[in-house]
Amino acid sequence: MTMRQLVGYFKVVWLIALLLFVGLYIFRHTEQIEYFLETLPTETICWAFSFLMTAKLLLTLSMFYCLRMLGLKLSLFECFYIYNVTTIAKYIPGNIWHFVGKIGYYRAKGFNASQIRDSILVETLWVLFGAGITGVLFLFFSGVGDIPNISVDYKKYSWIGIIILSVLLAISYGYFRKLITIMVQQIGFTSLLFLIQLFFWFFIGLSFYLIADTYISSANPIFFVYGLYAIAYIIGFITPFSPGGIGIREGILVGGLVSFMPAQQALLVAGFHRILYLIAEAILALLSFALMTFSKNTKLKLM
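Residues numbered from 1 in each chain as written. Predicted model: local features only at pLDDT ≥ 70, side-chain atom pairs only at ≥ 80, totals over all residues. Heavy atoms only, no water.

Attention now goes to the overall build of the protein chain. Assigned secondary structure in the protein chain consists of twelve helices and zero strands. Starting at the N terminus and ending at the C terminus, the protein chain contains elements arranged as α-α-α-α-α-α-α-α-α-α-α-α. Burial status across the protein chain gives 45% buried among its 303 residues. Excluding contacts between residues fewer than 6 apart, the proportion of contacts in the protein chain whose partners are at least 24 apart in sequence is 75%. For the protein chain, the accessible area works out to roughly 15800 Å², and carbon and sulfur atoms hold 71% of it. (Helix = DSSP H or I, 4+ residues; strand = E, 2+ residues; numbered from the N terminus. Buried < 20%, exposed > 50% of the residue type's maximum accessible area, 1.4 Å probe, protein only. Contact = heavy atoms within 4.5 Å. Areas by Shrake-Rupley, 256 points an atom, 1.4 Å probe, with all protein chains shown as cover.)

Here we come to the pattern of salt bridges. On inspection of all chains with the given rule, the structure shows five salt bridges. Residue R117 is joined to D118 by a salt bridge in which the shortest nitrogen-to-oxygen separation is 3.1 Å. Judged by relative accessible area, which is 49%, R117 ranks as partly exposed. In this structure, E250 and R274 form a salt bridge, with 2.7 Å as the shortest nitrogen-oxygen distance. Placement of the pair is E250 in helix α11 (residues 248–257) and R274 in helix α12 (residues 263–297), with a sequence separation of 24 residues. (Salt bridge = Lys/Arg side-chain N within 4 Å of Asp/Glu carboxyl O.)

Between helix α10 (residues 222–238) and α11, whose axes approach to 8 Å, the crossing angle comes to 150°. Judged by the angle between their axes, α10 and α11 are roughly antiparallel. Of the two elements, α10 crosses α11, and the hand of that crossing is right-handed. Note on element contacts: α11 touches α10 through I248, R249, I252, L253, G256 and L257, opposite F224, V225, L228, Y229, A232, Y233, I235 and G236. (Axes fitted to C-alpha atoms, helices over the stretch in contact; angles between N-to-C directions. Parallel < 35°, antiparallel > 145°, perpendicular 65-115°, else oblique. Left-handed = near helix turned anticlockwise from the far one by under 90°.)

What follows is about helix α4 (residues 76–88). In this model, α4 (13 residues) spans 19 Å end to end at C-alpha, consistent with the 18 Å of a helix rising 1.5 Å per residue. Counting buried positions over the 13 residues of α4 gives eleven, a clear majority of the element. (Expected span 1.5 Å × (residues − 1).)

Let's shift gears to helix α3 (residues 42–69). The end-to-end C-alpha distance of α3, which contains 28 residues, comes to 41 Å, matching closely the 40 Å that a straight helix rising 1.5 Å per residue would cover. G71 sits one or two positions beyond α3 and adopts a positive phi of about 80°.

The next subject is the packing of α3 against helix α6 (residues 113–140). Between α3 and α6, the least distance of the axes is 9 Å, while the angle of their chain directions is 130°. One element, α3, and the other, α6, form an angle in the oblique class. As for the relative orientation of α3 and α6, their crossing is right-handed in sense. Between α3 and α6, the contacting residues are L59, M63, C66, L67 and M69 on the first element and S119, V122, E123, W126 and V127 on the second. When the residues that make up the contact of α3 with α6 are grouped by side-chain class, the tally is eight nonpolar, one polar and one charged. (Nonpolar A, V, L, I, M, F, W, Y, C, P; charged D, E, K, R; others polar.)

Here we come to the side chain of S288. Relative to the helices and strands, S288 is located in helix α12. The buried category is assigned to S288, whose relative accessible area is 0%. S288 has contacts with F77, F80, Y81, N84 and V85, leaving out every residue within four places of it along the chain.

Formed by 74 residues in total, the largest nonpolar core has its most connected members in I204, Y233, L257 and V269. Dropping the residues within four chain positions of it, Y233 is found in contact with L59, V127, F200, W201, I204, R249 and Y277. (Core = buried A, V, L, I, M, F, W, Y, C linked by side-chain atoms within 4.5 Å.)

The final tally for this structure, using the stated rule, is 19 aromatic pairs. Taking 4.9 Å as the distance between ring centres and 80° as the angle between the ring planes, the aromatic pair formed by F64 and Y65 counts as edge-to-face. Taken together through their ring pairs, the aromatic side chains of F77, F80, Y81, Y105 and F289 make up a single cluster. The ring of Y277 carries R249 above its face, with NZ or CZ at 4.7 Å from the centroid. (Phe/Tyr/Trp six-rings, centres within 6.5 Å; stacked < 30°, edge-to-face > 60°. Lys NZ or Arg CZ within 6 Å of the ring centre and 35° of its normal.)

A surface patch of nonpolar side chains, amounting to about 560 Å² of accessible area, comprises F129, F194, L195, L198, F199 and F202. Among the elements that take part in the nonpolar patch, helix α9 (residues 187–213) stands out by supplying five residues, more than any other. For L195, a relative accessible area of 42% corresponds to the partly exposed category. (Patch = residues over 30% accessible without salt bridge, like charges linked within 9 Å, V, L, I, M, F, W, Y side chains within 5 Å.)

Okay, here's the thing in structure tokens:
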């Protein structure tokens, strides 16, 4: 059995276990879930969802300018379609299908093997870089050490994170010297991508904070929540058996939020935001298909 097959089996088992857990939780805690939904203002849900959609659209923009930085040209709609359609594939067991889908589209557009590799690598590294920087810096400046019910020294872990990021950047330079050189040469695109990541983490962090803040009464840990979400995002992203970080991201969020609310409340906050996240991805994928169908049936050429 190869490592890829083993990871695939773990992914299937993980998804089944999550579905069983969710079903059992809903069955046993129906009243608490109903109370959670009743106490969560509709206005908060709408704002959180709109910020989440904005963040997802910014990832399409990031893909567009990553390709431009490498000298590869696709229209903004093509990037919108490819990104949102292939994103759904990450929930298919195997952990590779969203990459396979993207590779297939790039090949159809005439990209060679090295161009495909570089484009996917640069796009992924920008997201991971943004998550790492946001998580470490926001936790470092969050001031959570002054809050009595925080038992974990997040500032110490932030320093560890800074050291790890520095080491990874040093190692990455050896492996990705060509890409880093391109980023330095294309400083305009690099600056633009940095701003896109800045706004992406602002909107997605704000989306989660709005949900969590409804049930936080003892403090206003906005920097902590931002940093916590970014760290949970990156760990979920790199976990091979967890599709889209599902379950892993939520577990880390619950672990951080229990300092400000009961564990059951933290679980509902993290779970509800994941549901909003999945709905946003589904809507964008359906919208991509709809626009593609419209483009094929009319003279309007979007691709």
